[in-house]
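# Fold and contact review
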Amino acid sequence: MLDTTEIAIFAAVGLVFALGLIALCRWSGAPAQRVAAYALIALSFLYVGFAFRAEEPGAWVGVEMTGVAVFGTLAGMSIIGSPWWVVAGFALHPLYAIYFHYIGAGSQFAPAPFVIANAAFDVATALFVIFAALRAAGKKPTAAAAPAAQRKLAARSQHRAPSRDAGGPA
């Protein structure tokens, strides 16, 4: 178990990584829910890698792959649907990490500093996705957006080559 100073240091490291994720979202212009979903999947797979360090890696890899399935499903649902799925994943993941990998049986193979940094990263990322989702919900589409999309579609259709016969494409 880590002492209070070490916990604070590694939690700060997790927050720095969360700031890096936020910067990546801002720089790339990618939706926060998509980048966060990929991060949740990657974090879940890191624990699978740590499970190979266990005394009986076969059983532990199976347990960790179950975690990948659960958190991967939440992440996947957020990629194709609502951002609240990845928020739920990032809200549950620190509980899973602390309870199972810091206090519980998974502490034999998961490094405690990583677990603490991961929990802080999870909380900060969940808060960022909540902020981004609420901000996107607050933006109402402007009246000029719909005609602009129709003009763009019309411009695309004008550049198509005519077909040889009236029955279909050339």
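First, a word on scope: everything that follows refers to the structure included in this document.

### Overview of the nonpolar core
Counting 21 residues, the largest nonpolar core has Leu40, Val86, Phe90 and Phe121 as the members making the most contacts within it. If you list the elements that add at least two residues to this core, you get helix 1 (4-28), helix 2 (32-51), helix 3 (57-80), helix 4 (84-103) and helix 5 (112-138). Here this core takes 7 residues from helix 2, the largest share from any one element. Of all hydrophobic cores here, the second largest spans 16 residues; its members include Tyr47, Val48, Tyr102 and Val115.

### Some words on the side chain of Ser78
In this structure, Ser78 sits in helix 3. A polar atom in the side chain of Ser78 sits 2.7 Å from the backbone oxygen of Ala75. Aside from chain neighbours lying at most four places away, what touches Ser78 is Gln33, Ala37, Pro83, Trp85 and Val86.

### Some thoughts on the packing of aromatic side chains
Scanning the entire structure with this criterion turns up 8 aromatic pairs. Look at Phe50 and Phe114: their rings are 5.0 Å apart centre to centre, the planes differ by 70°, and that puts the pair in the edge-to-face class. Of this pair, Phe50 sits in helix 2 while Phe114 sits in helix 5, placing them 64 residues apart in sequence. Classification of Phe50 as buried rests on a relative accessible area of 17%. Given the relative accessible area of 22%, Phe114 is considered partly exposed. Ring geometry for Trp60 and Phe100: centres 5.6 Å apart, planes at 55°, overall tilted. Here Phe100 lies in helix 4 and Trp60 lies in helix 3, a separation of 40 residues in the sequence. Accessibility classification places Trp60 together with Phe100 in one group, the buried group. Clustering of aromatic rings is evident, with ring pairs tying together Trp60, Phe71, Tyr96, Phe100 and Phe109.

### Here we look at the environment of Val35
For Val35, the position within the fold is in helix 2. Considering only alpha carbons, one finds Val35 and Leu24, 11 residues apart in sequence, at a separation of 8.4 Å. Excluding residues that lie within four positions of it along the chain, Val35 makes contacts with Leu21, Leu24, Cys25 and Ala30.

### Points about helix 4
Relative to the 28 Å expected for 20 residues at 1.5 Å per residue, helix 4 spans 28 Å between its end C-alpha atoms, a close match to the ideal helical length. Of all the positions in helix 4, only Val86, Val87, Gly89, Phe90, His93, Pro94, Ala97, Phe100, His101 and Tyr102 are classed as buried.

### Side note on the packing of helix 3 against helix 4
Look at helix 3 against helix 4: their axes get within 7 Å of each other, and the N-to-C directions meet at 160°. Considering their axes alone, helix 3 and helix 4 lie roughly antiparallel with respect to each other. For helix 3 against helix 4, the interelement crossing comes out left-handed. Here helix 3 contributes Trp60, Val63, Glu64, Gly67, Phe71, Leu74, Met77 and Ser78 to the contact with helix 4, which in turn contributes Trp85, Val86, Ala88, Gly89, Leu92, His93, Tyr96, Phe100 and His101. A class-by-class count of the residues in the contact of helix 3 with helix 4 yields 11 nonpolar, 5 polar and 1 charged.

### Some words on a nonpolar patch on the surface
Taken together, the side chains of Ile9, Val13 and Phe17 present a nonpolar region at the surface, about 290 Å² in accessible area. Within the secondary structure, Ile9 is located in helix 1.

### A word on the packing of helix 1 against helix 5
Interaxial distance between helix 1 and helix 5 falls to 7 Å at its minimum, and their mutual angle equals 35°. In this structure, helix 1 meets helix 5 at a crossing whose hand is right-handed. Residues Ile7, Phe10, Ala11, Gly14, Leu15, Phe17, Ala18, Leu21, Ile22, Cys25 and Arg26 of helix 1 form the contact with helix 5, whose own contacting residues are Pro113, Ile116, Ala117, Ala120, Phe121, Ala124, Thr125, Phe128, Phe131 and Arg135. Among the residues making up the contact of helix 1 with helix 5, the classes are represented as 17 nonpolar, 2 polar and 2 charged.

The rules behind each value
- Residues numbered from 1 in each chain as written.
- Predicted model: local features only at pLDDT ≥ 70, side-chain atom pairs only at ≥ 80, totals over all residues.
- Heavy atoms only, no water.
- Core = buried A, V, L, I, M, F, W, Y, C linked by side-chain atoms within 4.5 Å.
- Buried < 20%, exposed > 50% of the residue type's maximum accessible area, 1.4 Å probe, protein only.
- Helix = DSSP H or I, 4+ residues; strand = E, 2+ residues; numbered from the N terminus.
- Polar contact = N/O pair within 3.5 Å; in protein donor to acceptor, adjacent residues only side chain to side chain.
- Contact = heavy atoms within 4.5 Å.
- Phe/Tyr/Trp six-rings, centres within 6.5 Å; stacked < 30°, edge-to-face > 60°.
- Expected span 1.5 Å × (residues − 1).
- Axes fitted to C-alpha atoms, helices over the stretch in contact; angles between N-to-C directions.
- Parallel < 35°, antiparallel > 145°, perpendicular 65-115°, else oblique.
- Left-handed = near helix turned anticlockwise from the far one by under 90°.
- Nonpolar A, V, L, I, M, F, W, Y, C, P; charged D, E, K, R; others polar.
- Patch = residues over 30% accessible without salt bridge, like charges linked within 9 Å, V, L, I, M, F, W, Y side chains within 5 Å.
- Areas by Shrake-Rupley, 256 points an atom, 1.4 Å probe, with all protein chains shown as cover.
- Salt bridge = Lys/Arg side-chain N within 4 Å of Asp/Glu carboxyl O.

Interpretation note: all reported values are geometric properties and have no functional meaning in isolation.
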